[in-house]
Amino acid sequence: MAAIDRITENHILIVDHDRVTGASLRGLLAAEGYAVTLCEAGSEALAQARCVSPDLVLLDVFLPGMDGYEVCRAFRGDPALAETPIVLLTALGDRDSWIKGLEMGADDFLSKPVDRVALLARVRAITRLNRFRRLRAEPERPQQSEQQLRARLHDLELLNSQILRTAHALEETVSTRTSELAAERDRIRAILEALGEAAFVTDTRGLVQYANPAAADLTGYEREELVGVHLNRWHPDRRVEQVFDRLAQDPGSPLKDLWWEGELVGRRKDGSYFDAMLTIAPLPAPLQPDRAIGFVGVQRDITPLKEAERMKHRFASNVSHELRTPLSVITLLSGNLDALGERLSPEKRSAMIKDIRRHAQVLDELITDVLEMSSIDSGRLSPELQILDLAPLLRDEMQRLAPLAERRQQQLTAGGDASLMVRADGRQLRRVVRNLINNAVKYSPEGGHIDCRWQRLDLHPDPAPDQRWPGVERLAPGPWAAMSVTDDGIGIDAADQERIFERFYRVNSQSNIPGTGLGLAITRELVQLQSGRVALASTPGKGSVFAVYLPVCLPVLA
Ligand code: ADP
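## Comments concerning the overall build of the protein
Part 1 of the argument: The helix and strand inventory of the protein stands at 16 helices and 17 strands.
Part 2 of the argument: Relative to a compact globule of 558 residues, whose C-alpha radius of gyration would be 24 Å, the protein shows 45 Å and is clearly more extended.
Part 3 of the argument: Counting only C-alpha atoms and orienting by the principal axes, one finds that the protein spans roughly 145 × 65 × 40 Å.
Part 4 of the argument: Counting over 558 residues, the protein shows a buried share of 42%.
Part 5 of the argument: The long-range fraction of contacts in the protein, counting pairs at least 24 apart against all pairs at least 6 apart in sequence, stands at 64%.

Structure follows, in structure tokens:
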């Protein structure tokens, strides 16, 4: 049976004087896997047939020289070719040709122009029958009477129309089903394309066959670069490889054992890393739902979530560390005071009490920071806006903070417009200034110089960048009350500059300097609450400028 089913073994000889028809028939049949020989004349056809023993001859009636009937008779008269099935190609509805053809030994007819579906159905049926016949070495065909021939012709016509009907019905079913499948495929593709999460389809080994645009965005590869590569290119994780290994070792693995979901770290094309939540699910075969033919994967970028978690942990450990240090100093000093009591000189005692106070102050500031942040979060910190002069406020704050700088032998200078009216919350502004000066002191070496400036800026549209006033080019045109704190400290590199206003963010290399990573976040929130802006310019190793811009309070004209 296998030998009969192998289409490639079927050889068809086309005999047609019309080259265009011949070539089109040949193309059609060759596309279906038949071996095809094309001849233009009867004598040539007979010679070829002796060489290739065709399984079927498609024979045009109108041939130059020997016509189709004569060729047919010659086939039947040659013992080597007598059994070869012959289908005559005749003009449409030419019954006389059909009868004559049957008399000459033809097996069937097709009208020209040839119907593609009818031809393929006929060819398939006849070549199959011929294979059977060859295998069974059928005895010689007896002579047929005219009545028998007419009866056979009638049967053939019936068979012909039946085949045509079935073939058309089949073709319709196939085309409906094909368009349904195509619509379904397009729908799924459209969903995957629009999906915000990265999705891909792999074969059973994990080689990517499809990746959606979000997968390209997440991994930094072009979509074409992803196709054909293994998933471990951007998920170098043993747990992922094990899913594919499991299927490779046991192709009959139950589908439920081929699911995997977990958090892992992915690597982008540029070598940077991202946190992902990945789900891998087996794709069942369409007709064998128990068997996997590949995998579909969906991955979500959870980097911001993980980063927030990491920050929370960093913050918790920072806060507890920051709390513990002053607390232990306070505990130690107060214990000493208690134990040594009268034995301490009054100077020593007062120095210890001062230290206790100072550390209590640090504790107080830390708790204030955390509480302030949580007030901002809950929206409880609405500013009490009033018209005030920024110049005396800043001068006053500088005086208060001078001892802080003196302790580190730093020079603190200040200066600006004699008066600068703003509409702001004075308490919150003092907090902002304290944060900036505190940082300048903390992140500058001993003996450094810190300068605080303030002035009114009247901005035109598209102002040029100004080193003294970072970020002015992003401000709306008009009058602004500007204030800056400049230091010649350690500076901040570009990548960190983008992030230092985030809550809990601290530059790693400065982890030995105490802090909670909340000061600048609070500063920005407070300034924004007063419709202001914060900006910064910094050069690592040289120093930083932090600037605050507040809307100027214009004098009311009577
Ligand atoms: P903290 O100082 O408590 O860590 P901040 O929010 O005030 O938190 O500052 C965030 C980070 O920004 C600091 O950890 C520090 O690395 C950096 N930074 C802030 N101000 C300066 C400055 N003037 N010079 C250099 N680095 C600074």
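That was the structure; now back to the text.
## Here we look at the packing of aromatic side chains
Part 1 of the argument: Here the structure, examined in full by the defined rule, presents four aromatic pairs.
Part 2 of the argument: Judged by centre distance (5.8 Å) and plane angle (90°), the ring pair of Phe200 and Trp234 falls under edge-to-face. Taken together, the positions of Phe200 in strand β6 (residues 198-202) and Trp234 in the loop between α9 (223-226) and α10 (238-249) put the pair 34 residues apart, joining distant regions of the chain.
Part 3 of the argument: A residue is classified by how much of its surface remains accessible, and Phe200, at 1% relative accessible area, is buried.
Part 4 of the argument: What makes Trp234 buried here is its relative accessible area of 0%.

## Quick look at helix α13 (residues 390-407)
Think of an α-helix as turning once every 3.6 residues; residues three or four places apart then point the same way.
Part 1 of the argument: When the terminal C-alpha atoms of α13 are compared, their 26 Å separation across 18 residues agrees well with the 26 Å that a helix rising 1.5 Å per residue should span.
Part 2 of the argument: By the largest-angle criterion, Leu401 marks the main kink of α13, which is about 40°, and a proline, Pro403, follows within four residues.
Part 3 of the argument: Every buried residue belonging to α13 is among Leu390, Ala391, Leu393, Leu394, Glu397, Met398, Leu401 and Ala405, and all of these are buried.
Part 4 of the argument: In this structure, the buried residues of α13 make contact with β11 (386-389), β12 (411-416), β13 (421-424), α14 (426-442), β14 (449-459) and β15 (478-487).
Part 5 of the argument: Looking at where α13 begins, the residue whose side-chain oxygen comes 3.1 Å from the main-chain nitrogen of Ala391 is Asp389.

## Describing the domain arrangement of the protein
Part 1 of the argument: Annotation of the protein at the domain level lists domain 1 (2-182), domain 2 (195-301), domain 3 (308-378) and domain 4 (386-551).
Part 2 of the argument: The straight-line distance from the C-alpha centre of domain 3 to that of domain 4 is 26 Å.
Part 3 of the argument: At the junction of the two partners, domain 3 supplies 13 residues and domain 4 supplies 18 residues.
Part 4 of the argument: Contact between domain 3 and domain 4 buries roughly 1500 Å² in total, counting both sides, with carbon and sulfur atoms accounting for 60%.
Part 5 of the argument: Counting the surface domain 3 buries against domain 4, the share from its top three residues, Met311, Glu372 and Met373, is 36%.
Part 6 of the argument: Run the count over domain 3 and domain 4 and you get three salt bridges.
Part 7 of the argument: As a salt-bridge pair, Arg427 and Glu372 come within 3.8 Å of each other at their nearest N and O atoms.

## Focus: the packing of α14 against helix α16 (residues 519-529)
Part 1 of the argument: Across the interface, α14 lies against α16 with an axial gap of 9 Å and an inter-helix angle of 145°. With respect to the hand of their crossing, α14 and α16 are arranged in left-handed fashion. Contact residues: Gln428, Arg431, Val432, Asn435, Leu436 and Asn439 in α14; Gly519, Leu520, Ile522, Thr523, Leu526, Val527 and Leu529 in α16.

## Structural notes on α14
Part 1 of the argument: Look at α14: 24 Å from first C-alpha to last across 17 residues, which is about the 24 Å you get at 1.5 Å a residue.
Part 2 of the argument: Where burial is concerned, most of α14 is hidden: twelve out of the 17 residues are buried.
Part 3 of the argument: Along α14, the positions that sit buried rather than exposed are Gly426, Gln428, Leu429, Arg431, Val432, Val433, Asn435, Leu436, Ile437, Asn439, Ala440 and Val441.
Part 4 of the argument: Measuring from the side-chain oxygen of the N-cap residue of α14 to the backbone nitrogen of Arg427 gives 3.0 Å; that N-cap residue is Asp425.

## Some thoughts on the pattern of salt bridges
Part 1 of the argument: With the rule as written, the count across this model stands at 39 salt bridges.
Part 2 of the argument: For the salt bridge of Glu32 with Arg124, the shortest nitrogen-to-oxygen distance reads 3.9 Å. With Glu32 in the loop between α2 (19-31) and β2 (35-39) and Arg124 in helix α6 (residues 116-136), this pair connects stretches of sequence that are 92 residues apart.
Part 3 of the argument: According to the relative accessible area criterion, Glu32 is partly exposed, its value standing at 33%.
Part 4 of the argument: The exposure class of Arg124 is partly exposed, given its relative accessible area of 35%.
Part 5 of the argument: In the salt-bridge network here, residues are joined through shared partners; they are Asp275, Glu307, Arg310, Arg499 and Glu502.

## Here we look at the sheet that holds β2
Part 1 of the argument: The sheet built from five strands is open, its strands ordered β2-β1-β3-β4-β5 with parallel pairing. The open sheet has two edge strands with one neighbour each: β2 and β5 (108-112). Averaged over all neighbouring strand pairs, the angle between strand axes comes to 20°, with direction disregarded.
Part 2 of the argument: As paired strands, strand β4 (residues 86-91) and β5 are joined by five bridges and run parallel to one another. Its bridge partner lying in β5, Thr90 is registered against Ser111.

## Some remarks on the confidence of the model for the protein
Part 1 of the argument: The predicted model of the protein averages 86 in pLDDT, with 94% of residues at 70 or higher.
Part 2 of the argument: Confidence over residues 1-8 falls short of pLDDT 50; this stretch has 14 contacts with residues more than four positions distant or in other chains.

## Let's talk about the nonpolar core
Part 1 of the argument: In this structure, Val422, Leu429, Leu436, Ile437, Met483, Ile500 and Phe546 are the most contacted members of the largest nonpolar core, which totals 48 residues.
Part 2 of the argument: No fewer than three residues from each of domain 3 (308-378) and domain 4 (386-551) sit in this core.
Part 3 of the argument: Other than its neighbours up to four places away in sequence, Ile500 contacts Ile492, Tyr505, Val507, Leu520, Leu536 and Phe546.
Part 4 of the argument: Ala45, Val71, Trp98 and Ile99 belong to the second largest nonpolar core, which has 26 residues in total.

## A look at the environment of Phe295
Part 1 of the argument: Tracing the backbone through its elements, the reader meets Phe295 in strand β10 (residues 292-301).
Part 2 of the argument: Separated by 237 residues in sequence, Phe295 and Gly532 place their C-alpha atoms 52 Å apart.

## A look at the sheet that holds β14
Part 1 of the argument: If you walk across this open sheet you meet the five strands as β12-β14-β15-β17-β16, and the pairing is mixed. On the outer flanks of this sheet lie β12 and β16 (533-539), each paired with one strand and no other. Ignoring which end each strand starts from, the neighbouring axes of this sheet average 15° apart.
Part 2 of the argument: When β12 meets β14, the two strands line up parallel, connected through six bridges.

What counts as what
Residues numbered from 1 in each chain as written. Predicted model: local features only at pLDDT ≥ 70, side-chain atom pairs only at ≥ 80, totals over all residues. Heavy atoms only, no water. Helix = DSSP H or I, 4+ residues; strand = E, 2+ residues; numbered from the N terminus. Rg over C-alpha atoms; globule rule 2.2 N^0.38 Å. Buried < 20%, exposed > 50% of the residue type's maximum accessible area, 1.4 Å probe, protein only. Contact = heavy atoms within 4.5 Å. Phe/Tyr/Trp six-rings, centres within 6.5 Å; stacked < 30°, edge-to-face > 60°. Expected span 1.5 Å × (residues − 1). Bend = angle between axes of the 7 residues up to and from the residue. Polar contact = N/O pair within 3.5 Å; in protein donor to acceptor, adjacent residues only side chain to side chain. Domains from an automatic or database assignment. Buried area = accessible area lost by both parts, 1.4 Å probe. Salt bridge = Lys/Arg side-chain N within 4 Å of Asp/Glu carboxyl O. Axes fitted to C-alpha atoms, helices over the stretch in contact; angles between N-to-C directions. Left-handed = near helix turned anticlockwise from the far one by under 90°. Pairing = 2+ DSSP bridges. pLDDT = per-residue confidence, 0-100. Core = buried A, V, L, I, M, F, W, Y, C linked by side-chain atoms within 4.5 Å.

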